[in-house]
Amino acid sequence: CTGSESELLDCGHIGIGNHNCGHFEDASVRCTRTEVSPAPSFSRFDFSPSPSPIVSACSHGDIQLVDGSTSLEGRVEICIDGTYGTVCDDFWDDNDAEVVCRQTGYLDGMALSFAFFGEGTGPIWLDNVFCTGCSLESQLLDCSHIGIGIHNCRHSEDASVNCGPFSPLFIW
């Protein structure tokens, strides 16, 4: 984009749905308003139905970090059968977080519990996740768990992560 486009689809691209990317490369923005713009004026009204949004189903095992203040953190959501759901924090530790962070393209991971980034909605897909943190675990589904969709949790127990690298903490 050059910055003069009125919407993202006006920017150059290789075509809708054409890509060579993984979800760890998803783009994000944070917008701020520095001044109040005047309300838009409309010269014509179009009452035709809006086109259906393009919905891209997630792939089995994909991870997204939701509701963090940066792309390095958030509630862990995993895709199962085309639907994102949460992960319960029972036995959730830094080894689990490290696998999630590695899967999303980051280094290191710190586990956060008790819906640190807010409660999710929808299914709770995983519980009692146990990762060793070894490099053979390239995705969260490589770790042991009690079974997809089997849990004894509420969304108040949704697992979260903060990905790094982290600096050592020194206490003087």
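A brief look at the structure comes next. Not measured: the values here are computed from a predicted model.

Thresholds applied
- Residues numbered from 1 in each chain as written.
- Predicted model: local features only at pLDDT ≥ 70, side-chain atom pairs only at ≥ 80, totals over all residues.
- Heavy atoms only, no water.
- Helix = DSSP H or I, 4+ residues; strand = E, 2+ residues; numbered from the N terminus.
- Buried < 20%, exposed > 50% of the residue type's maximum accessible area, 1.4 Å probe, protein only.
- Contact = heavy atoms within 4.5 Å.
- Areas by Shrake-Rupley, 256 points an atom, 1.4 Å probe, with all protein chains shown as cover.
- Phe/Tyr/Trp six-rings, centres within 6.5 Å; stacked < 30°, edge-to-face > 60°.
- Salt bridge = Lys/Arg side-chain N within 4 Å of Asp/Glu carboxyl O.
- Polar contact = N/O pair within 3.5 Å; in protein donor to acceptor, adjacent residues only side chain to side chain.
- Core = buried A, V, L, I, M, F, W, Y, C linked by side-chain atoms within 4.5 Å.
- Disulfide = S-S within 2.5 Å.
- Pairing = 2+ DSSP bridges.
- Lys, Arg positive; Asp, Glu negative; His and termini not counted.

Check the secondary structure of the chain and you find one helix and six strands. Within the span of the chain, comprising 172 residues, buried residues form 33% of the whole. Taking all contacts inside the chain whose residues are at least 6 apart in sequence as the whole, residues at least 24 apart take part in 68%. In the form shown here, the chain has an accessible surface area of approximately 11900 Å², with 56% of it arising from carbon and sulfur atoms.

What follows deals with the packing of aromatic side chains. Following the criterion strictly, the structure yields one aromatic pair and no others. Relative to F117, the ring of F116 lies with its centre 5.0 Å away and its plane at 75°, an arrangement referred to as edge-to-face.

So, about the pattern of salt bridges. Counted under the stated rule, the structure contains three salt bridges. With a shortest N-O distance of 3.0 Å, E77 and R75 are connected by a salt bridge. Judged by relative accessible area, R75 falls into the buried class, the value being 4%. Notably, a salt bridge pairs E98 with R102, separated by 3.5 Å at the nearest N-O pair.

Within helix α1 (residues 94-103), the full set of buried residues consists of D96, A97, V99, V100, C101 and Q103. The distance from a side-chain oxygen at the start of α1 to the backbone nitrogen of N95 is 3.0 Å, and the residue carrying that oxygen is D93. Just downstream of α1 lies G105, where phi reads positive at about 95°.

So, about the nonpolar core. The biggest cluster of nonpolar side chains holds 22 residues, and the ones touching the most others in it are V76, I78, V87, W92, L140 and V161. Of all the elements in the fold, those that place two or more residues in this core are β1 (63-67), β2 (73-80), α1, β5 (124-126) and β6 (160-164). Here this core gets four residues from one element, more than from any other, and that element is α1.

Attention now moves to the state of the cysteines. Tallied over the full model, the rule gives four disulfides. Cysteine C134 is unpaired, with the sulfur of C143 as its nearest cysteine sulfur at 8.1 Å. Taking the relative accessible area as the measure of exposure, C134 reaches 31% and is therefore partly exposed.

So, on to the pairing of β2. Burial analysis of β2 places eight of its eight residues in the buried class, which makes it a mostly covered element. In the sheet, β2 pairs with β6 via three bridges, with the strands oriented antiparallel. What sits directly across from E73, in β6, is N162. Pairing geometry for β2 and strand β3 (residues 83-87), over four bridges, is antiparallel. In the strand pairing of β3, I78 is matched with G85. A loop of two residues connects β2 with β3, the two strands running antiparallel in sequence, and D81 in this loop sits at a positive phi of about 50°.

As for its position among the elements, D158 is in the loop between β5 and β6. Buried and unpaired, D158 has no salt bridge, with R75 as the nearest side chain of opposite charge at 4.4 Å. Among the polar contacts listed, one links the side chain of D158 to the backbone nitrogen of G120, at a separation of 2.7 Å.

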